[in-house]
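Secondary and tertiary structure notes
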Amino acid sequence: MKRFAAYFILIALIAVACGGKKSAVEVFVTPEGAINGYDPVSYFKVNMAVKGDGHYSYEWKDATWHFVSEENLSLFKADPEKYAPQFGGYCAYGMSQGHKAPTEPDAWTIVEDKLYFNYNKDVQKKWQENRDELIKQAETNWPKIRMDPF
C-alpha cells in the first residue's frame, strides 16, 4: 500500500508540473537569450544586428541579455530601458494586433530612439506602411498582454 501511495503522489506531482499554465514572459527569449542573443546596444551604436558574446551577459527582467563588449554591457546596465526593445522584443506588428509573436533579429527599426522588432522582413514591410498608427495601437495593447504566456 505504501508503494501505491508513493506512486500516486509522484504521478500527481508530475501532472501538476506539466499541466500548469505557461509562465508569464515579458521578454521574448530563445535558447540564445533575449532577442536571440543579439546585442541591443549595437542596434543604436553601429546601426546593425550584432550577435552578443556570452562573456558579456546580464540578467534583466528574467532574461539573459548578451553584448559584444564590456562597454555595451555597461551602457545597458546603466539604462536598460533606453536600449531594450519595445514590447519586450516581441513583434511590434503582432502587438498592434493584440498578441505576442516571435521576432527575427534582422527585422528591426529604430523610431524616435526606440528599438522595435518584427516577426520577419515581410511583416516589417507591412508594419512600415502604417508604422506610427500601429505603434500607438501596440502601446495601448502592451500593458494588457505584456505578462500573458507566450
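Cut-offs and rules
- Residues numbered from 1 in each chain as written.
- Predicted model: local features only at pLDDT ≥ 70, side-chain atom pairs only at ≥ 80, totals over all residues.
- Heavy atoms only, no water.
- Axes fitted to C-alpha atoms, helices over the stretch in contact; angles between N-to-C directions.
- Helix = DSSP H or I, 4+ residues; strand = E, 2+ residues; numbered from the N terminus.
- Parallel < 35°, antiparallel > 145°, perpendicular 65-115°, else oblique.
- Contact = heavy atoms within 4.5 Å.
- Nonpolar A, V, L, I, M, F, W, Y, C, P; charged D, E, K, R; others polar.
- Buried < 20%, exposed > 50% of the residue type's maximum accessible area, 1.4 Å probe, protein only.
- Polar contact = N/O pair within 3.5 Å; in protein donor to acceptor, adjacent residues only side chain to side chain.
- Salt bridge = Lys/Arg side-chain N within 4 Å of Asp/Glu carboxyl O.
- Expected span 1.5 Å × (residues − 1).

1. What to know about the packing of helix H6 (residues 121–129) against helix H7 (residues 131–145)
- At a minimum axis separation of 5 Å, H6 and H7 run at an interaxial angle of 100°. In terms of orientation, H6 and H7 fall into the roughly perpendicular class. Residue-level contacts link Lys126, Trp127, Gln128 and Glu129 of H6 to Arg131, Leu134 and Ile135 of H7.
- In the contact of H6 with H7, the residues fall into 3 nonpolar, 1 polar and 3 charged.

2. Quick look at the side chain of threonine 109
- The residue threonine 109 is located in strand E5 (residues 108–111) in this model.
- When its relative accessible area of 10% is taken as the criterion, threonine 109 is described as buried.
- In this structure the side chain of threonine 109 is engaged in a polar contact, spanning 3.1 Å, whose partner is the side chain of glutamine 128.
- Excluding its chain neighbours within four sequence positions, the residues that come into contact with threonine 109 are Lys114, Leu115, Tyr116, Gln124, Trp127, Gln128 and Arg131.

3. Observations regarding the pattern of salt bridges
- Taken as a whole and judged by the stated rule, the model has 5 salt bridges.
- As a salt-bridge pair, lysine 61 and glutamate 26 come within 3.0 Å of each other at their nearest N and O atoms. Note that lysine 61 is positioned in the loop between strand E3 (53–60) and strand E4 (63–67) and glutamate 26 in the loop between helix H1 (2–19) and strand E1 (29–30), a separation of 35 residues in sequence.
- Of the residues examined, glutamate 26 reaches a relative accessible area of 16% and is grouped as buried.

4. Re H7
- Helix length check: H7 (15 residues) gives 20 Å between terminal C-alpha atoms against 21 Å at 1.5 Å per residue, within 8%.
- If you check which residues of H7 are buried, you get Leu134, Ile135, Ala138, Asn141, Trp142 and Ile145.

5. A closer look at unusual backbone geometry
- Notably, phenylalanine 87 is not glycine yet its phi reads approximately 55°, a positive angle.
- In this structure, phenylalanine 87 sits in the loop between helix H4 (80–83) and helix H5 (92–96).
- A relative accessible area of 6% places phenylalanine 87 in the buried class.
- A positive phi angle, near 60°, is found at aspartate 113, a position not held by glycine.

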